[in-house]
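One letter stands for each residue in the lines below.
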Amino acid sequence: MNDDVRNIVLGVVAAGVSAALGWLSRTYLWRRRLRRKQAFFGLPDHSESLLVVNRNAGGPELSVMRHDVFALLELSALIKDCNAHARVVAHDAAQQGFGERTEFCLGGPASNRRTAAHLSSLLPGVHVNVEAEAGADLGAFRIDGQDYRMEGGRCEYVLLARLTAGERHGARPVFLFCGQRAITNQAATRYLARHHERLARRYGSGSFVLLLKVVNSEAYGPDVVELVADVTRAARTPVPDAAAADAA
């Protein structure tokens, strides 16, 4: 074998080794990123999750709003990326505890009984005004003594929460998208899809509750979203009973 042939062979071998190392490196990074994503969402390979859908607040029948359908599509893509499966369940048919399967719960307490139950048991510091005679206060959030009222199409709020039941190892989280309108639910799912890596770095596998503001949805749809505050502590702290506070 002369020098030219030997150099060609060595060049081919070096290129092959370099390509193999590059492929192995990319595969390792992709798998590590996937595992982190699966851990954040509580979705190991081939696991099952629940998409708990609400109903149109204007009627008793299960009728999912158009923007909620778009939100379900956003979530379905996330679940598929984790190599997991989703099962759609009506809000009044999801009669089970939490922690066994990851749950994505969509809609406010007026249209989703499951959300109402989660707010009552897991987020006692959040009050959502669902009284029909509330007028301009309908759908308003009250958190830590502050009211967040909706201005339809201009300024609307949504809670994005990742909640876990205690510290039980392997417990699956509940993701809550509690918005003042259907378009805010979609905005929250899109925010989660875009920022889940940053949220995972900050919160790990712990709980968080974020208050988001959807800006000018009439013009921008669900795309312009601002983080108002991390309200985790206030949302998880029970509000003192008014009568007890007066007596004190």
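Quantities reported herein were computed from a predicted structural model and do not represent experimental measurements. Going along each chain's sequence as written, the residues are numbered from 1 onward. Local features in this predicted model are restricted to residues of pLDDT 70 or higher, and side-chain atom pairs are both shown and tallied only at a pLDDT of 80 or more, whereas totals for entire chains, interfaces and linings draw on every residue. The side-chain figures draw on all heavy atoms in the structure; neither hydrogens nor water molecules are used.

(A) Local environment of unusual backbone geometry. Located in the positive-phi region is H46, a residue other than glycine, with phi close to 65 degrees. Numbering of helices and strands starts at the N terminus; helices are DSSP runs of H or I of at least 4 residues and strands are runs of E of at least 2. Looking at the element boundaries, H46 is found in the loop between helix 1 (3-41) and strand 1 (48-53). Even without being a glycine, N83 presents a positive backbone phi close to 60 degrees. With respect to the helices and strands, N83 occurs in the loop between helix 2 (66-81) and strand 2 (85-90).

(B) Quick look at the environment of R190. For R190, the location among the structural elements is in helix 4 (residues 182-203). Taking the relative accessible area as the measure of exposure, R190 reaches 19% and is therefore buried. Spatially, the C-alpha atom of R190 lies 8.4 Å from that of L75, the residues being 115 residues apart in sequence. Burial classes: relative accessible area under 20% of the type maximum marks a residue as buried, over 50% as exposed, and values in between as partly exposed (1.4 Å probe, protein chains only).

(C) Just the packing of aromatic side chains, in detail. Note on aromatic contacts: the rings of Phe and Tyr and the six-membered ring of Trp form a pair at centre separations within 6.5 Å, being stacked when their planes are under 30 degrees apart, edge-to-face when over 60 apart, and tilted otherwise. Taken as a whole and judged by the stated rule, the model has eight aromatic pairs. Judged by centre distance (5.3 Å) and plane angle (65 degrees), the rings of Y148 and Y157 are edge-to-face. Take Y148: its relative accessible area is 15%, and that puts it in the buried class. Among the aromatic residues, those joined into a ring-pair cluster are F40, F41, F104, F175, Y203 and F208. Lying over the aromatic face of F40, R162 brings its terminal NZ or CZ to 5.3 Å of the ring centre. Only when the NZ atom of a Lys or the CZ atom of an Arg is both within 6 Å of the ring centre and within 35 degrees of the ring normal do we say a charge sits over the ring.

(D) Highlighting a nonpolar patch on the surface. Patches were defined on residues exceeding 30% relative accessible area and lacking a salt bridge, with like-charge contacts within 9 Å and nonpolar side-chain contacts (Val, Leu, Ile, Met, Phe, Trp, Tyr) within 5 Å. For the accessible areas, the method is Shrake-Rupley and the probe is 1.4 Å, while residue cover comes only from the protein chains on display. Salt bridges are counted wherever a side-chain nitrogen of Lys or Arg sits within 4 Å of a carboxyl oxygen of Asp or Glu. On the surface, a nonpolar cluster with roughly 240 Å² of combined accessible area is contributed by V69, F70 and L73. Mapped onto the elements, L73 comes out in helix 2.

(E) Examining the side chain of Q38 more closely. Residue position: Q38 is located in helix 1. Of the residues examined, Q38 reaches a relative accessible area of 6% and is grouped as buried. Contact definition: two residues touch when any of their heavy atoms are within 4.5 Å. Excluding its chain neighbours within four sequence positions, the residues that come into contact with Q38 are L43, P44, D45, C82 and N83.

(F) Quick peek at the sheet that holds strand 4 (residues 126-128). DSSP bridges decide pairing: two strands pair if at least two such bridges lie between them. Strands sit in the order 4-5-6 across an open sheet of three strands; the sheet is antiparallel. Strands at the two margins of the open sheet, each flanked by one partner only, are strand 4 and strand 6 (146-148). Across the sheet, the mean angle from the axis of one strand to that of its neighbour is 20 degrees, orientation sign disregarded. Strand direction decides the pairing type here: strand 5 (residues 141-143) and strand 6, joined by three bridges, are antiparallel. Paired with F141 across the two strands is Y148, which belongs to strand 6. An axis is simply a line fitted to the C-alpha atoms; with a helix, the fit covers only the stretch in contact. Between two such axes, the angle follows the N-to-C directions and lies from 0 to 180 degrees.

(G) Representation of the pairing of strand 9 (residues 208-215). Of all eight residues making up strand 9, six are buried, and the element is well covered by its neighbours. Bridge analysis of strand 7 (residues 155-163) against strand 9 gives eight bridges, and the strand direction is antiparallel. Opposite A161, over in strand 9, you have V209 as the bridge partner. Judged from the five bridges that link them, strand 9 and strand 10 (residues 225-230) form a sheet pairing that is antiparallel. Following the sheet pairing, V214 is matched in strand 10 by V225.

(H) A look at the nonpolar core. Residues belong to a common nonpolar core when they are buried Ala, Val, Leu, Ile, Met, Phe, Trp, Tyr or Cys residues joined through side-chain atoms within 4.5 Å. F41, F104, F177 and L192 are the most contacted members of the largest nonpolar core, which totals 28 residues. Looking at this core, the elements that each hand over two or more residues are helix 1, strand 1, helix 2, strand 3 (103-106), strand 7, strand 8 (174-179), helix 4 and strand 9. Examining the composition of this core, we find that six residues originate from one element, helix 4, more than from any other. By size, the runner-up hydrophobic cluster in this structure holds 24 residues, among which are L119, C155, L159 and V231.

(I) Summary view of the pattern of salt bridges. With the rule as written, the count across this model stands at 16 salt bridges. Here R190 and E74 are joined by a salt bridge, their closest N and O atoms 2.8 Å apart. With R190 in helix 4 and E74 in helix 2, this pair connects stretches of sequence that are 116 residues apart. Across the salt bridge formed by R149 and D137, the nearest N and O atoms sit 2.4 Å from each other. Pair noted here: R149 is in the loop between strand 6 and strand 7 and D137 is in the loop between strand 4 and strand 5, with a separation of 12 residues, a long-range link. Beyond isolated ion pairs, a larger network of salt bridges with shared partners links E74, R190, R194 and D223.

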